[in-house]
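# Architecture at a glance
For reference, the chains in residue letters:
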Amino acid sequence: GLDTYVREWPFALQLVVWFLRGVSRVILANNPLSGALILAALLWASPWQGLLGAVGVLASMLTAVLIGQDGAEVTAGLHGYNGMLVSLLMGVFSSAGDWYWWLLLPACLGAAACTFLYSGLSPVLDRWDLPVAVFPFNIVIVLYLLVTRPDNPYFPHYPSLPVGALQANATELNTAQLLQGIFLGVGQIFACDSLGPSLLILGATLLYSPLQALHAVLGSAAGTLAGLSVAVRHGSLYSGLSGFNGALGCMCVGGLFFTFSWRSHLFAIATAFLCSYVDIAFSNLLGTIGLPACSWAATLVVTLMLLLTGRGLATYRIPIGQVRS
Amino acid sequence: GLDTYVREWPFALQLVVWFLRGVSRVILANNPLSGALILAALLWASPWQGLLGAVGVLASMLTAVLIGQDGAEVTAGLHGYNGMLVSLLMGVFSSAGDWYWWLLLPACLGAAACTFLYSGLSPVLDRWDLPVAVFPFNIVIVLYLLVTRPDNPYFPHYPSLPVGALQANATELNTAQLLQGIFLGVGQIFACDSLGPSLLILGATLLYSPLQALHAVLGSAAGTLAGLSVAVRHGSLYSGLSGFNGALGCMCVGGLFFTFSWRSHLFAIATAFLCSYVDIAFSNLLGTIGLPACSWAATLVVTLMLLLTGRGLATYRIPIGQVRS
Amino acid sequence: GLDTYVREWPFALQLVVWFLRGVSRVILANNPLSGALILAALLWASPWQGLLGAVGVLASMLTAVLIGQDGAEVTAGLHGYNGMLVSLLMGVFSSAGDWYWWLLLPACLGAAACTFLYSGLSPVLDRWDLPVAVFPFNIVIVLYLLVTRPDNPYFPHYPSLPVGALQANATELNTAQLLQGIFLGVGQIFACDSLGPSLLILGATLLYSPLQALHAVLGSAAGTLAGLSVAVRHGSLYSGLSGFNGALGCMCVGGLFFTFSWRSHLFAIATAFLCSYVDIAFSNLLGTIGLPACSWAATLVVTLMLLLTGRGLATYRIPIGQVRS
């Protein structure tokens with residue numbers, strides 16, 4: 001396939017392929033083309049964010065080489081996506097404005113820390129055949145935001161609000177914005193909240209696997225419904241923040257870690273709802289001290305679904321070593 | 001025994017037996033008669049709470065069947081007690097009043113989520129031969145209360161106070177109320193704070209095992225003493241809330257997971273004190289954001305005691321597979 | 001060696017050796033002489049603290065004998081250092097003043113609880129060949145401070161502030177105090193903040209292993225740098241509180257759990273920075289409810305480094321059973 005073909009390319013080109021593969025890993029894909037589309041989407045939304053993301057992937061991959069991680073893991077892009085998410089989120093939360101070059105320092109350090117965490121968590125999770133997923137990203141970004149409180153003189157950032165916080169002047173729901181929020185939910189996986197780039201990211205998912213793309217939209221819709229059912233802030237629904245955990249959970253169960261069947265499809269939708277409610281809970285918890293809930297909910301719920309022993313789901317489980325990669 | 005006899009009954013009656021067994025599991029028993037007494041106690045205390053509890057058990061058992069859990073586990077009532085506790089606690093914390101029928105929706109969903117957690121946690125805890133116990137209940141109820149903050153428009157609930165919060169006009173201790181609190185501590189295992197039903201629940205424990213009942217009262221007394229030693233709110237002592245974690249811990253070590261001996265009896269009392277102090281700590285921690293400490297303390301401390309390697313306690317340990325069930 | 005020689009001494013003297021070994025375990029040493037020097041340093045800094053520390057070691061060791069822990073573990077001092085740290089920290093945080101004799105009660109109970117936690121955590125951590133380290137101390141002290149809130153009538157204590165809290169009237173940095181803070185960082189491992197005793201503790205480390213002492217100072221310096229880079233409170237830098245997590249992490253990786261090489265030396269310095277940043281994060285998190293970050297950061301980061309699978313560090317890993325003890 002592509003892999004043997006790539007091996008004969010010049011090193012610089014090979015590096016680009018590994019890099020783009022790392023980018024595509026965030027949406028659970030493993031495809032340089034999807035990665036290129038996503039990077040284009042991010043650069044379209046904000047060139048500074050695109051740069052930050054790219055730096056994150058590179059810092060993370062380089063650290064993996066330095067600490068002697070398995071080469072196959074590096075070329076498969078497994079040591080890039082956590083670092084990318086960390087540096088993207090650092091950029092989004094930074095209140096120092098775009099092109100604040102000092103931010104590259106914590107971005108690189110945070111991305112490097114992700115690789116340490118990836119390497120350290122894998123033997124623990126391996127015991128139950130669980131993937132490391134985005135645990136490193138979620139841990140590092142929360143630690144970063146805790147180290148640099150909102151009023152930090154060097155690295156200030158915006159505090160997050162609980163999604164359940166009462167709204168002073170709540171207006172009626174705007175259905176168009178609600179529908180748009182469902183598609184923004186896919187973009188929010190990369191902390192991107194413009195419609196065009198979000199649709200391009202959805203396209204990158206579609207390119208890798210139409211099933212994944214379908215589940216991403218379904219999951220985001222489920223997240224929006226869950227948010228409506230407990231009256232979260234409208235802003236959270238419109239921006240897609242209510243949807244992206246559901247989208248991630250739905251994609252993992254519906255098209256990645258389990259073979260497709262009507263049963264696993266139903267489980268994927270149940271997972272999307274579960275992810276969304278847990279995300280609301282985490283947002284209300286972490287929001288009390290100004291922290292975002294990131295993708296903790298999707299990560300923990302998918303880990304739980306992978307552990308289920310009931311025959312209804314466990315029979316469709318694909319061993320981690322054989323997950324399309 | 002009863003089991004082979006039951007197998008010839010009509011299905012509806014069998015279902016009732018499984019259901020009542022699930023109810024009795026909360027007090028670590030496995031006896032339909034104890035379950036019936038407890039259900040009667042709950043209905044006596046509040047018909048709405050009794051209904052909620054019953055719905056929780058059923059939703060949890062049904063989910064277990066749907067996701068294909070082992071049939072033997074279902075008939076033993078292992079997939080009911082967590083769901084029951086979740087729906088009971090949802091009812092107790094709800095500030096929408098009794099007979100608020102919409103509450104059945106989160107009660108069913110929460111009870112279903114318990115079964116998912118039970119199924120997912122068991123392979124992790126199995127590694128160290130540990131029971132899942134009430135981890136699912138504790139996780140789900142905390143998440144539910146986080147999702148629906150006190151001021152939620154659909155599912156409002158009362159916030160919890162830290163037990164160590166200073167009392168504005170502290171009066172002298174009332175010994176009679178203190179003694180009553182010890183017995184209420186047994187009822188509080190089911191979130192029940194009336195004396196009559198609490199004594200009936202103690203009776204249900206006595207019916208299953210006098211040793212368990214003795215340890216329940218001893219543990220609740222130890223919890224009250226622990227509360228006195230660090231000056232918790234009087235209300236917490238009088239209502240039995242200071243005692244129920246001690247009661248649970250004492251029952252688990254004194255009469256369930258370890259063979260009875262003077263040594264394990266002493267350990268049971270030590271466990272009761274440990275549970276109570278940890279419960280006070282958790283209540284002071286979670287209370288700062290309005291959350292209750294539930295039975296986290298008892299669950300974690302008993303898990304710790306089951307892990308002890310010291311010969312003093314480990315030699316009396318009964319393997320989980322052989323615990324009277 | 002010394003061990004066979006000690007076995008012929010009278011029991012009282014043997015007990016003293018075990019006791020002093022337990023004291024030296026806090027700085028990762030295993031040497032009665034280092035232990036004696038440390039005890040002298042603590043008594044010099046504050047006789048009351050010295051007494052508390054000694055009581056903590058004894059209560060912890062006695063509990064280990066009572067619950068039937070392995071005799072070899074007790075004589076090696078493994079069941080003493082956690083208890084010592086708990087009682088020392090209880091003394092430091094107590095706002096009831098020195099020689100408040102009632103404090104011996106929680107000190108003994110807390111030290112005993114450490115032994116329970118040590119025994120219970122070891123089978124869990126053993127699965128990944130990880131040491132129990134100071135997990136028990138960190139858990140027990142946080143629980144104690146939660147049980148007795150600052151305004152407790154019997155056991156009042158000082159609340160902790162987040163290190164990142166903005167300073168009203170920040171003055172310029174004092175270089176002399178900053179340098180002194182680096183050495184105080186070694187003393188802060190025992191919650192000691194006077195220069196003389198801190199240097200004596202550094203001497204005790206030097207006596208056991210010059211490499212350890214070097215890494216202790218290097219780690220403390222790294223911690224101070226990390227603190228400067230995110231503008232923590234000057235008081236935290238001057239008192240050595242910013243340095244001690246870095247010192248602990250640097251000692252563990254540079255001279256205890258890994259064989260010395262240039263690579264592990266570089267990793268030790270990286271670990272020191274990682275520990276320090278994580279410590280700042282934890283301090284900002286726990287400080288919001290008045291709790292200190294203790295040595296959670298060093299404990300968790302070192303555990304992570306021991307789990308790393310990358311060949312760069314994993315090849316130097318010494319199995320826990322063979323760590324110099």
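Before going into details, it helps to say that this report is about the structure given with it. Computed from a predicted structure; not experimentally measured. (Residues numbered from 1 in each chain as written. Chains lettered and ligands numbered in written order. Predicted model: local features only at pLDDT ≥ 70, side-chain atom pairs only at ≥ 80, totals over all residues. Heavy atoms only, no water.)

Counting secondary structure elements, chain A contains 16 helices and zero strands. Radius of gyration (C-alpha) of chain A: 19 Å, near the 20 Å computed for a compact globule of 325 residues. The principal-axis extent of the C-alpha atoms belonging to chain A is close to 60 × 55 × 35 Å. The burial tally for chain A puts 62% of its 325 residues in the buried class. Nonlocal contacts in chain A, meaning residues at least 24 apart in sequence, comprise 73% of its contacts between residues at least 6 apart. Counting every atom, chain A has about 12,200 Å² of accessible surface; 69% of that belongs to carbon and sulfur. Side chains of chain A give 10 positive and 11 negative charges; the mean places of these two sets differ by 10 Å. (Helix = DSSP H or I, 4+ residues; strand = E, 2+ residues; numbered from the N terminus. Rg over C-alpha atoms; globule rule 2.2 N^0.38 Å. Buried < 20%, exposed > 50% of the residue type's maximum accessible area, 1.4 Å probe, protein only. Contact = heavy atoms within 4.5 Å. Areas by Shrake-Rupley, 256 points an atom, 1.4 Å probe, with all protein chains shown as cover. Lys, Arg positive; Asp, Glu negative; His and termini not counted. Charge placed at Lys NZ, Arg CZ, Asp CG, Glu CD.)

This brings us to the interface of chain A and chain B. Taken together, the contact pairs 30 residues of chain A with 26 residues of chain B. Interface area for chain A against chain B, summed over the two sides, is near 2,300 Å², with a carbon-plus-sulfur share of 67%. The largest share of the area that chain A buries against chain B comes from Trp128(A), Val230(A) and Leu304(A), three residues that together contribute 21% of it. Seen at the junction of chain A and chain B, the total is zero salt bridges. The tally of links between chain A and chain B comes to eleven residue pairs in polar contact (both at pLDDT 80 or more). At the level of elements, α11 (210-229), α14 (262-286), α15 (296-307) and α16 (311-314) of chain A are the ones that each hand at least two residues to the side of chain A that touches chain B. When residues in the side of chain A that touches chain B are grouped by element, the largest group, ten residues, is from α14(A). Per-class residue counts for the side of chain A that touches chain B are 20 nonpolar, seven polar and three charged. (Buried area = accessible area lost by both parts, 1.4 Å probe. Salt bridge = Lys/Arg side-chain N within 4 Å of Asp/Glu carboxyl O. Polar contact = N/O pair within 3.5 Å; in protein donor to acceptor, adjacent residues only side chain to side chain. Nonpolar A, V, L, I, M, F, W, Y, C, P; charged D, E, K, R; others polar.)

It is worth spelling out a nonpolar patch on the surface at this point. On the surface, a nonpolar cluster with roughly 370 Å² of combined accessible area is contributed by Trp102(A), Leu105(A) and Leu109(A). Here Leu105(A) lies in helix α7 (residues 104-126). (Patch = residues over 30% accessible without salt bridge, like charges linked within 9 Å, V, L, I, M, F, W, Y side chains within 5 Å.)

Within the structure shown, the criterion is met by 24 aromatic pairs over all chains. Geometrically, the ring pair formed by Phe11(A) and Trp18(A) is edge-to-face, given 5.8 Å between the ring centres and 85° between the ring planes. On the basis of relative accessible area, Trp18(A) is assigned to the buried category, the value being 14%. Aromatic ring contacts, followed pair by pair, group Trp48(A), Trp99(A) and Trp101(A) into a single cluster. A cation sits over an aromatic face here: Arg127(A) above Trp128(C), 5.6 Å from the ring centre. (Phe/Tyr/Trp six-rings, centres within 6.5 Å; stacked < 30°, edge-to-face > 60°. Lys NZ or Arg CZ within 6 Å of the ring centre and 35° of its normal.)

Here we take up the relation of the copies chain A and chain B. At an RMSD of 0.0 Å, chain A and chain B line up after a rotation of 120° and a shift of 0.0 Å along the axis. Read as a symmetry element, the transformation amounts to a three-fold axis. Minimal C-alpha distance to the rotation axis in chain A is attained by Arg127(A), lying at 5.5 Å. (Least-squares fit on C-alpha atoms with pLDDT ≥ 70 in both.)

With that settled, consider α15(A). End to end, α15(A) covers 17 Å across twelve residues, agreeing with the expected 16 Å (1.5 Å per residue, within 8%). Among the twelve residues in α15(A), eleven count as buried, and that is most of the element. Where α15(A) is concerned, the buried positions are Trp296(A), Ala297(A), Ala298(A), Thr299(A), Val301(A), Val302(A), Thr303(A), Leu304(A), Met305(A), Leu306(A) and Leu307(A). Contacts made by the buried residues of α15(A) are with α8 (135-147), α13 (244-255), α14 and α16 of chain A together with α7 (104-126) of chain B. (Expected span 1.5 Å × (residues − 1).)

To continue, consider the environment of Leu52(C). Residues and elements named next belong to chain C. Position of leucine 52 among the secondary structure elements: in helix α4 (residues 47-66). For leucine 52, a relative accessible area of 0% translates into the label buried. Non-local contacts of leucine 52, meaning those with residues more than four positions away in its chain, are made with Ser87, Gly91, Leu103, Leu104 and Ala107.

On to the nonpolar core, then. Judged by nonpolar contacts, the single largest core of 316 residues is most densely connected at Phe190(A), Phe190(B) and Phe190(C). Phe190(C) has contacts with Val23(C), Val26(C), Ile27(C), Ile38(C), Leu42(C), Met84(C), Leu88(C) and Ile201(C), leaving out every residue within four places of it along the chain. (Core = buried A, V, L, I, M, F, W, Y, C linked by side-chain atoms within 4.5 Å.)

What follows deals with the interface of chain C and chain A. Counting residues at the interface gives 30 residues for chain C, matched by 26 residues for chain A. Regarding the contact of chain C and chain A, the summed buried area is about 2,300 Å², with carbon and sulfur atoms giving 67% of it. Where chain C touches chain A, the interface holds zero salt bridges. Put simply, the parts of the chain that give the side of chain C that touches chain A at least two residues each are α11 (210-229), α14 (262-287), α15 (296-307) and α16 (311-314) of chain C. When residues of the side of chain C that touches chain A are assigned to their parent elements, the largest contribution, ten residues, is made by α14(C).

With an RMSD of 0.0 Å, chain C superimposes on chain A once it is rotated by 120° and translated 0.0 Å along the axis. Different-surface contact between copies: only 7% of interface residues of chain C are shared with the interface of chain A.

Once that is clear, we can look at the packing of helix α6 (residues 81-93) of chain C against helix α7 (residues 104-126) of chain C. Residue and element names in this part refer to chain C. It is at 8 Å that the axes of α6 and α7 come closest, and there the two elements cross at 145°. Of the two possible hands of crossing, α6 and α7 adopt the one that is right-handed. On α7, the residues that touch Tyr81, Asn82, Gly83, Val86, Ser87 and Met90 of α6 are Pro106, Ala107, Gly110, Ala111, Cys114 and Tyr118. Tallied by class, residues from the contact of α6 with α7 come to eight nonpolar, four polar and no charged. (Axes fitted to C-alpha atoms, helices over the stretch in contact; angles between N-to-C directions. Left-handed = near helix turned anticlockwise from the far one by under 90°.)

It is worth spelling out the environment of His265(A) at this point. Tracing the backbone shows His265(A) in helix α14. Between the C-alpha atoms of His265(A) and Val253(A), which are twelve residues apart in sequence, the distance is 7.7 Å.

Once that is clear, we can look at the packing of helix α14 (residues 262-287) of chain B against helix α8 (residues 135-147) of chain C. α8(C) packs onto α14(B) with a crossing angle of 70° between their chain directions and a minimal axis gap of 8 Å. As far as their axial angle goes, α8(C) and α14(B) are roughly perpendicular. When α14(B) is examined against α8(C), the residues Tyr277(B), Val278(B), Ile280(B), Ala281(B), Phe282(B), Asn284(B) and Leu285(B) are found in contact with a partner set consisting of Leu143(C), Leu146(C) and Val147(C). Of the residues contributing to the contact of α14(B) with α8(C), the split by class is nine nonpolar, one polar and no charged. (Parallel < 35°, antiparallel > 145°, perpendicular 65-115°, else oblique.)

With that out of the way, let us pick up unusual backbone geometry. Phi is positive for Ala191(B), close to 60°, though the residue is something other than glycine. Relative to the assigned elements, Ala191(B) resides in the loop between α9 (175-187) and α10 (195-208). Notably, Trp99(C) is not glycine yet its phi reads approximately 50°, a positive angle.

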